[in-house]
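# Structural overview for review
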Amino acid sequence: MARKFFIVSYDVTDDRRRTRIFKTMADFGDRVQYSVFCCQLNPRERLQMENRLKEVLHQGDDQVMVVEAGKVEGQNPEPDVDYLGRGWKPEARSQIV
């Protein structure tokens, strides 16, 4: 399955839920800003991430935004994202089957 980059941002109103969202996202990607993660996911992993997030977030109050940022290619892949100021370099991640 082809892996793709995703930028995931969340806005969660409750501290306890926000902590749980953070811990969930840490299982799937790298934190690049306070509530923004960059993830390298295949379709199955994306579905798993979204299902776990749905278990935690409050549909009426919270928001999670998932943006596809292109294919993961090469030995040291980086998403096609422009930065102003300090940039971010992804950690090497291996796919576990």
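Let me begin by describing the structure that accompanies this report. (Residues numbered from 1 in each chain as written. Predicted model: local features only at pLDDT ≥ 70, side-chain atom pairs only at ≥ 80, totals over all residues. Heavy atoms only, no water.)

### Considering the packing of helix H1 (residues 15–26) against helix H2 (residues 43–56)
Direction vectors running N to C along H1 and H2 enclose 170°, while the axes themselves pass 10 Å from each other. Relative to H2, the element H1 lies roughly antiparallel. From H1, Arg17, Arg20, Ile21, Thr24 and Met25 reach across to H2, where they touch Met49, Arg52, Leu53 and Val56. Class assignment of the residues belonging to the contact of H1 with H2 gives a composition of five nonpolar, one polar and three charged. (Axes fitted to C-alpha atoms, helices over the stretch in contact; angles between N-to-C directions. Helix = DSSP H or I, 4+ residues; strand = E, 2+ residues; numbered from the N terminus. Parallel < 35°, antiparallel > 145°, perpendicular 65-115°, else oblique. Contact = heavy atoms within 4.5 Å. Nonpolar A, V, L, I, M, F, W, Y, C, P; charged D, E, K, R; others polar.)

### Digging into the state of the cysteines
Joining two cysteines, a disulfide is a covalent bond between their sulfur atoms. In total, this model carries zero disulfides according to the counting rule given. Of all cysteine sulfurs in the structure, the one in Cys39 sits closest to Cys38, which takes part in no disulfide; the separation is 6.6 Å. With a relative accessible area of 3%, Cys38 lands in the buried category. (Disulfide = S-S within 2.5 Å. Buried < 20%, exposed > 50% of the residue type's maximum accessible area, 1.4 Å probe, protein only.)

### Considering the packing of aromatic side chains
Given two aromatic rings, one states the distance between the centres and the angle between the planes to describe the pair. In this structure the tally under the stated criterion is two aromatic pairs. Pairwise contacts between aromatic rings join Tyr10, Phe22 and Phe37 into one cluster. (Phe/Tyr/Trp six-rings, centres within 6.5 Å; stacked < 30°, edge-to-face > 60°.)

### Some details on H1
Given a rise of 1.5 Å per residue, twelve residues ought to cover 16 Å, and the 16 Å separating the end C-alpha atoms of H1 matches this to within 8%. For H1, the full list of buried residues reads Arg17, Ile21, Thr24 and Met25. Taken end-on, H1 shows its buried residues confined to a sector of 95°, consistent with a single buried face. Turned more than 90 degrees off the buried face of H1, the exposed positions are Asp15, Arg16 and Lys23. Of the surrounding secondary structure, the elements contacted by the buried residues of H1 are strand S1 (4–11), strand S2 (29–33), strand S3 (36–41) and H2. (Expected span 1.5 Å × (residues − 1). Arc of directions from axis to C-beta.)

### Description of the pairing of S1
By the bridge criterion, six bridges tie S1 to S3 in an arrangement that is antiparallel. The partner of Phe5 across the bridge, within S3, is Gln40. Relative to strand S4 (residues 63–71), S1 runs antiparallel, the two being bridged by seven bridges. Across the sheet, the residue bridging to Asp11 is Gln63, located in S4. (Pairing = 2+ DSSP bridges.)

### A word on the sheet that holds S4
Paired through their backbone hydrogen bonds, the strands of a sheet run either parallel or antiparallel. The antiparallel open sheet is built from four strands, whose spatial order is S2-S3-S1-S4. For this open sheet the edge positions go to S2 and S4, each flanked by a neighbour on one side alone. Going across the sheet, the axis of each strand differs from the next one's by a mean of 25°, ignoring polarity. The sheet contacts of H1 involve S1, S2 and S3, and relative to S1 the element is tilted by about 170°. Lying on the sheet, H2 is in contact with S1, S3 and S4; it crosses S3 at an angle near 140°.

Honestly, it's all geometry; don't read function into it.
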